[in-house]
Amino acid sequence: MAMRRLLQQRFHTAVGVAVLTLGLLCFVAANLFVNYVRSYDTHWSNSERIYIVAERTRSNGFALMPSFMTSTDAPVAEHLRTDVPELAGVARRLVGQRLVSFGDRRTPLLAAYVEPQFGEIFDFDVLAGDARAIANPRSALITERGAGRLFGTTEAVGRTITIAGQQPIDVTIAGVVAELPDQSHMKFGGLFATGFDLLVSWDALEPLPVMGWGGRAVTTYVLLPQDG
């Protein structure tokens, strides 16, 4: 009886099947997308303890409350270290395009300047060298992609490169790190991501006018203590 009724109402049957199929496909697609987003940055061993500080600036001139931004003014990190000393780690990251040279080779790379505790907050998959050496002055970590572009090989540890700027700065490659998973906010070219080719120690960063209040130039990370 059901088959006979379906055959008698072919148009309505086709529409019903199409709508049901579309609904199931939308549900599956939405579920996959939500799971993909929720899996972001879970590959870090300290993922449950890592937070990005958000900032909102209030002003009497605004009728509406401005939304939070995941970039902060540079001095926020210093205040966190002073006012919340129980934090296990505080580190800033500033990303910018830089012209990097090695010998007669010059290549534009996306450089991320990071503070010493950055290597304690995030554990990278190291192919060579030591990722925690980013805490050393005038040091850098380079990704597989960046090493291939600059050196043509991942054999990069110990090499000295020059980062162009108002005053060119020489830094030494302390390690080569593997490419990050797609579900990482630091994946180069990833969804919702601001990646990097080169991680550079904070001391190699030139003084910038946006490093005061009002610039919102950096990303500030905190690592909660193990007891929460």
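The structure we're discussing is the one just above.
Cut-offs applied
- Residues numbered from 1 in each chain as written.
- Predicted model: local features only at pLDDT ≥ 70, side-chain atom pairs only at ≥ 80, totals over all residues.
- Heavy atoms only, no water.
- Helix = DSSP H or I, 4+ residues; strand = E, 2+ residues; numbered from the N terminus.
- Rg over C-alpha atoms; globule rule 2.2 N^0.38 Å.
- Buried < 20%, exposed > 50% of the residue type's maximum accessible area, 1.4 Å probe, protein only.
- Areas by Shrake-Rupley, 256 points an atom, 1.4 Å probe, with all protein chains shown as cover.
- Lys, Arg positive; Asp, Glu negative; His and termini not counted.
- Charge placed at Lys NZ, Arg CZ, Asp CG, Glu CD.
- Arc of directions from axis to C-beta.
- Contact = heavy atoms within 4.5 Å.
- Core = buried A, V, L, I, M, F, W, Y, C linked by side-chain atoms within 4.5 Å.
- Phe/Tyr/Trp six-rings, centres within 6.5 Å; stacked < 30°, edge-to-face > 60°.
- Salt bridge = Lys/Arg side-chain N within 4 Å of Asp/Glu carboxyl O.

Chemist: Account for the overall build of the protein, with residues named and values stated.
Modeler: When helices and strands are tallied, the protein shows 5 helices and 9 strands. Here the C-alpha radius of gyration of the protein, 24 Å, is well above what a compact globule of 228 residues would show, namely 17 Å. Dimensions of the protein along its principal axes, counting C-alpha atoms only, are 85 × 55 × 40 Å. A burial count over the protein gives 37% of its 228 residues as buried. Split by element, the accessible area of the protein, about 13300 Å² in all, is 58% carbon and sulfur. Within the protein, the 22 negative side-chain charges are centred at a point lying 13 Å from the centre of the 20 positive side-chain charges.

Chemist: Please provide a residue-by-residue account of unusual backbone geometry, values included.
Modeler: Here the phi dihedral of Arg138 falls at roughly 50°; this positive angle occurs in a residue that is not glycine. Look at Arg138 and you get partly exposed, because its relative accessible area is 37%.

Chemist: Could you give me a rundown of helix α3 (residues 76–83), with the residues and numbers involved?
Modeler: Those residues of α3 that fall on the buried side of the exposure criterion are Val76, Ala77 and Leu80. Considered in projection along α3, the buried side chains sweep an arc of 100° and stay on one side of the axis. Against the buried residues of α3 lie β2 (89–102) and β9 (219–223).

Chemist: Which residues make up the nonpolar core, and what are the values?
Modeler: Core analysis: the biggest nonpolar cluster contains 25 residues, and Ile142, Leu198 and Val200 have the highest contact counts within it. With 4 residues, strand β7 (residues 169–177) is the single largest residue contributor to this core. Here Val200 is in contact with Ala111, Ala112, Tyr113, Val114, Ile134, Ser139, Ala140, Ile163 and Val171, once residues within four sequence places are set aside. Within the second largest apolar cluster, 21 residues are counted, among which are Trp44, Ile134, Leu141 and Val177.

Chemist: Which residues make up the packing of aromatic side chains, and what are the values?
Modeler: Considering all chains together, one arrives at 8 aromatic pairs under this definition. With a centroid separation of 4.8 Å and 40° between ring planes, the pair formed by Phe118 and Phe122 is classed as tilted. Side by side, Phe118 and Phe122 carry an identical accessibility label, which is buried. On the numbers, 6.1 Å between centres and 90° between planes, the contact of Phe124 with Phe196 is edge-to-face. Separated by 72 residues along the polypeptide, Phe124 in the loop between α4 (118–121) and β4 (126–129) and Phe196 in the loop between β7 and β8 (198–201) bring together distant segments of the chain. We note that Phe124, like Phe196, is buried. Feature note: the residues Trp44, Phe118, Phe122, Phe124, Phe196 and Tyr221 constitute an aromatic cluster, connected by ring pairs.

Chemist: Got a sec to walk through the pattern of salt bridges? Specific residues and values, please.
Modeler: Counted under the stated rule, the structure contains 7 salt bridges. A salt bridge links Glu78 to Arg92, with the shortest nitrogen-to-oxygen separation between them at 3.2 Å. Here Glu78, found in helix α3, pairs with Arg92, found in strand β2; they are 14 residues apart in sequence, far enough to count as distant. Judged by relative accessible area, Arg92 falls into the buried class, the value being 7%. Note that Arg81 and Glu115 form a salt bridge whose closest N and O atoms lie 2.5 Å from each other. Separated by 34 residues along the polypeptide, Arg81 in helix α3 and Glu115 in the loop between β3 (105–114) and α4 bring together distant segments of the chain. The partly exposed category is assigned to Arg81, whose relative accessible area is 28%. Three or more residues are tied together by salt bridges with common partners; here these are Glu78, Arg81, Arg92 and Glu115.

Spatial relationships are all this shows, so hold off on functional conclusions.
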